[in-house]
Amino acid sequence: AKCSILRLVSGPTIFDGQLELWDGIGFTVICGFSFDQVDANVACDELGFDPATGYGDETTYYESPWNYTPDGYEWAPLDCVGGEASLYDCPTLGYVTCGPNDSPARLVCGDPT
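Since this is a predicted model, take the numbers as computed values, not measurements. (Residues numbered from 1 in each chain as written. Predicted model: local features only at pLDDT ≥ 70, side-chain atom pairs only at ≥ 80, totals over all residues. Heavy atoms only, no water.)

Engineer: Quick one: what's the story with the packing of aromatic side chains, residue by residue and with numbers?
Structural biologist: The geometry of an aromatic ring pair is captured by the separation of the ring centres together with the interplanar angle, meaning the angle of the planes. With the rule as written, the count across this model stands at one aromatic pair. Aromatic pair Phe 15 and Phe 49: ring centres 4.8 Å apart, planes at 75 degrees, arrangement edge-to-face. In this pair, Phe 15 is assigned in the loop between strand E1 (6-13) and strand E2 (16-22) and Phe 49 in the loop between helix H1 (37-47) and strand E4 (50-57), connecting sequence segments 34 residues apart. (Phe/Tyr/Trp six-rings, centres within 6.5 Å; stacked < 30°, edge-to-face > 60°. Helix = DSSP H or I, 4+ residues; strand = E, 2+ residues; numbered from the N terminus.)

As structure tokens, then:
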């Protein structure tokens, strides 16, 4: 399994923010419209946090969008089944692509302390 590099940005705490993934060149956002509890828990576990307490996209979870300027969405929507060690191990919804009109994934992980 390839270990991905994730980060949460633009949030009020280290556990809360826009989910981004290193693609080998730079950080890219992850599609938010299909991002669900299973995807969120895999991401939180990979980040070293407790399971997700909130997830979704800016239109379903947050009251107002945060500023972001992605060069493009390189990741198709995720479809994790649970138990994956990395988001790289999750299947994707390959028949769907993300674009500038789609919201990025937002994530709130549990505090492990």
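Resuming the write-up.
Engineer: Any details on the environment of Phe 33? Residues and values, ideally.
Structural biologist: Along the chain, the position of Phe 33 falls in the loop between strand E3 (27-29) and H1. On the accessibility criterion, Phe 33 (42% relative accessible area) is partly exposed. Between the C-alpha atom of Phe 33 and that of Asp 57, which follows or precedes it by 24 residues, the distance is 6.1 Å. (Buried < 20%, exposed > 50% of the residue type's maximum accessible area, 1.4 Å probe, protein only.)

Engineer: Can you explain the state of the cysteines? Please cite residues and give values.
Structural biologist: According to the stated counting rule, one finds two disulfides in the structure shown. There is a disulfide in this structure between Cys 44 and Cys 109, and the S-S distance comes to 2.0 Å. Because the sign of the S-S torsion sets the handedness, a value of about -90 degrees for the bond joining Cys 44 and Cys 109 places this disulfide among the left-handed ones. With Cys 44 in helix H1 and Cys 109 in strand E5 (residues 105-110), this residue pair connects regions lying 65 residues apart in the sequence. For Cys 80, the disulfide goes to Cys 90, at an S-S distance of 2.0 Å. (Disulfide = S-S within 2.5 Å.)

Engineer: Can you lay out the pattern of salt bridges for me, pointing to particular residues and giving the numbers?
Structural biologist: Counted according to the given criterion, the structure contains one salt bridge. Its salt-bridge partner being Glu 20, residue Arg 7 comes within 2.7 Å of it at the nearest N-O pair. One end of the pair, Arg 7, is in strand E1; the other, Glu 20, is in strand E2, with 13 residues separating them in the sequence. Glu 20 gets classed as buried once you look at its relative accessible area, which sits at 10%. (Salt bridge = Lys/Arg side-chain N within 4 Å of Asp/Glu carboxyl O.)

Engineer: Run through the side chain of Asp 39, naming residues and quoting values.
Structural biologist: With respect to the element layout, Asp 39 can be found in helix H1. In this structure, Asp 39 is buried with no salt-bridge partner, the nearest side chain bearing the opposite charge being Arg 106 at 14 Å. One polar contact links the side chain of Asp 39 to the main-chain amide nitrogen of Cys 80, over a distance of 2.8 Å. (Lys, Arg positive; Asp, Glu negative; His and termini not counted. Polar contact = N/O pair within 3.5 Å; in protein donor to acceptor, adjacent residues only side chain to side chain.)

Engineer: Mind laying out H1, listing which residues take part and the relevant values?
Structural biologist: The set of residues buried in H1 consists of Asp 39, Ala 40, Val 42, Ala 43, Cys 44 and Glu 46. The elements touched by buried residues of H1 are E1, E2, E4 and E5. N-capping of H1 is provided by Asp 36, with a side-chain oxygen placed 3.2 Å from the backbone N of Val 38. Count one or two residues on from H1 and you reach Gly 48, which has phi positive near 90 degrees. (Contact = heavy atoms within 4.5 Å.)

Engineer: Give me the nonpolar core: which residues, what numbers.
Structural biologist: In this structure, Leu 19, Ile 30, Phe 35, Leu 87 and Leu 107 are the most contacted members of the largest nonpolar core, which totals 20 residues. Looking at this core, the elements that each hand over two or more residues are E1, E2, H1 and E5. With four residues, H1 is the largest single contributor of residues to this core. Not counting the four nearest positions on each side in its chain, Ile 30 is found in contact with Leu 19, Leu 21, Phe 35, Leu 78, Leu 87, Ser 103, Pro 104 and Ala 105. (Core = buried A, V, L, I, M, F, W, Y, C linked by side-chain atoms within 4.5 Å.)

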